[in-house]
Amino acid sequence: MSAAIFLDRDGTIVEDVGYVRTPAELIWLPRAIEALQRLGRRYRLFLVTNQPGIAAGAITPAQLTHVHAHLLGELGRHGVHIERVFHCPHARGQGCGCIKPEPFFLELARREYGVDVSASYVLGDHPHDVEFARRGGARGIYLLTGHGQQHRAALAPGAPVAADLWEAAGMILGADGPPSEPSEAQYRQAASILRDGGTVAFPTETVYGLGAHARDASAVAGIYAAKGRPAHNPLIVHAASTDEARAVTRDWPRLAGRLAERFWPGPLTLVLPRRAELPPIVTAGLDTVAVRVPAHPVALRLLETFG
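Predicted model only: the values in this text are computed from it and were never measured. (Residues numbered from 1 in each chain as written. Predicted model: local features only at pLDDT ≥ 70, side-chain atom pairs only at ≥ 80, totals over all residues. Heavy atoms only, no water.)

(A) Up close: unusual backbone geometry. Of note, the bond from Lys 100 into Pro 101 is cis; its omega dihedral lies within 30 degrees of zero at 20°. The topology assignment puts Pro 101 in the loop between β3 (82-88) and α4 (104-113). Residues Trp 264 and Pro 265 are joined by a peptide bond in cis, for which omega reads -5°. As for its position among the elements, Pro 265 is in the loop between α10 (254-263) and β10 (270-273). With a phi close to 70°, Arg 31 is a non-glycine residue in the positive phi region. In this structure, Arg 31 sits in the loop between β1 (4-7) and α1 (32-40). (Helix = DSSP H or I, 4+ residues; strand = E, 2+ residues; numbered from the N terminus.)

(B) Main features of the pairing of strand β5 (residues 139-143). By the criterion of burial, β5 is predominantly enclosed, with 4 of the 5 residues buried. As judged from the 4 bridges shared by strand β4 (residues 121-124) and β5, these two strands associate in the parallel manner. What sits directly across from Leu 123, in β5, is Ile 141. Once the chain exits β4 it traverses helix α5 (residues 127-136) before rejoining the sheet at β5, and the crossover so formed is right-handed. Bridging between β5 and strand β6 (residues 161-162) involves 2 bridges; their strand directions are parallel. By the bridge assignment for β6, Tyr 142 is matched with Val 161. (Buried < 20%, exposed > 50% of the residue type's maximum accessible area, 1.4 Å probe, protein only. Pairing = 2+ DSSP bridges. Right-handed = clockwise from strand over helix to strand, strands pointing away.)

(C) Here's a closer look at the side chain of Arg 274. Examined against the element boundaries, Arg 274 turns out to sit in the loop between β10 and β11 (288-292). Nearest to the buried, unbridged Arg 274 among oppositely charged side chains is Asp 287, at 4.7 Å. A polar contact of 2.7 Å, which involves the side chain of Arg 274, links it to the backbone oxygen of Leu 278. Look past the residues within four positions of Arg 274 in its chain and what remains in contact with it is Val 248, Thr 249, Arg 250, Pro 280, Thr 283, Leu 286, Asp 287, Thr 288 and Val 289. (Lys, Arg positive; Asp, Glu negative; His and termini not counted. Salt bridge = Lys/Arg side-chain N within 4 Å of Asp/Glu carboxyl O. Polar contact = N/O pair within 3.5 Å; in protein donor to acceptor, adjacent residues only side chain to side chain. Contact = heavy atoms within 4.5 Å.)

(D) Summary view of the pattern of salt bridges. As enumerated under the stated definition, the model contains 16 salt bridges in all. Close ionic contact of Glu 102 with Arg 135 constitutes a salt bridge, the shortest N to O distance being 3.0 Å. With Glu 102 in the loop between β3 and α4 and Arg 135 in helix α5, this residue pair connects regions lying 33 residues apart in the sequence. Arg 135 sits in the partly exposed class, given a relative accessible area of 40%. In this structure, the salt-bridge partner of Arg 134 is Glu 131, at a minimum N-O distance of 2.6 Å.

(E) A look at the packing of aromatic side chains. Evaluation of the coordinates by the stated rule reveals 7 aromatic pairs. An aromatic cluster of at least three residues, connected via ring pairs, comprises Phe 6, Phe 46, Phe 86, Phe 104, Phe 105 and Tyr 113. Seen from the ring of Trp 166, Arg 38 lies directly overhead, with NZ or CZ sitting 4.3 Å from the centre. (Phe/Tyr/Trp six-rings, centres within 6.5 Å; stacked < 30°, edge-to-face > 60°. Lys NZ or Arg CZ within 6 Å of the ring centre and 35° of its normal.)

(F) Region of interest: the packing of helix α7 (residues 184-195) against helix α11 (residues 297-306). At a minimum axis separation of 9 Å, α7 and α11 run at an interaxial angle of 60°. By the angle class used here, α7 and α11 are oblique. Relative to α11, the crossing made by α7 is right-handed. Along the contact surface, α7 presents Glu 184, Tyr 187, Arg 188, Ala 190, Ala 191, Leu 194 and Arg 195, while α11 presents Pro 297, Val 298, Arg 301, Leu 302, Thr 305 and Phe 306. For the contact of α7 with α11, a count of residues per class yields 8 nonpolar, 1 polar and 4 charged. (Axes fitted to C-alpha atoms, helices over the stretch in contact; angles between N-to-C directions. Parallel < 35°, antiparallel > 145°, perpendicular 65-115°, else oblique. Left-handed = near helix turned anticlockwise from the far one by under 90°. Nonpolar A, V, L, I, M, F, W, Y, C, P; charged D, E, K, R; others polar.)

Quick look at the structure:
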């Protein structure tokens, strides 16, 4: 017997965009892959997803298989192994026995994979996920991603709640996992290093990177030196808000505003005309600058502390 994590799909590890027919429609939620990497070191991972779009004729079984093959492949490239994807293809009114919150797939995992359900967790953004855990004898954690905020009032009293999959992983792993939040003193220390022209390492939702004061040419040169980065390869300016990002650009077209409103904070970089006072080393001498407001809470807090 072994413990496992049973994960909802839409709104838990990827954005809930409706019926997903192609891999291109899969959008990873911030820190979801990192959370799965942490959880996968101690738990077996299963995906459990209701897919009523099949019963409605909105998606085909072949399309779902293709989407899941791509999803598992992407996770595999990040060292995350999913034991199996369980999906219910029925509409809720069909009276099937496998749609969440029915515990059919928990029992199947216990029977076919030797999972100790009582030591396992269910993570999802709908009250059905928590009820699914309760009925099957597992422990449920409700996530505020996806539709989590919308349905929170329907959640059973006393159910554990996490902001996202990363926070849920921290709740499960406790002291065994890496800290999800630096101390206030660490933020102040990092900001002080930046103001003094130094270099710090910080996470975004896509990578860990080296950062320096974007308006300090010698500090920026330190990034190039530390990484052995070619001088013709420009850097991204990270900002804590759209207003701060606009402050390093010479022009802010309407489309940039629409994209920023939709995707920031998040893993989108906009390339726009730069202000003349921005050191040319940042942009490798180009007349455009790459700007971004990252979604990772540590990156945002560092930017806000730095000012």
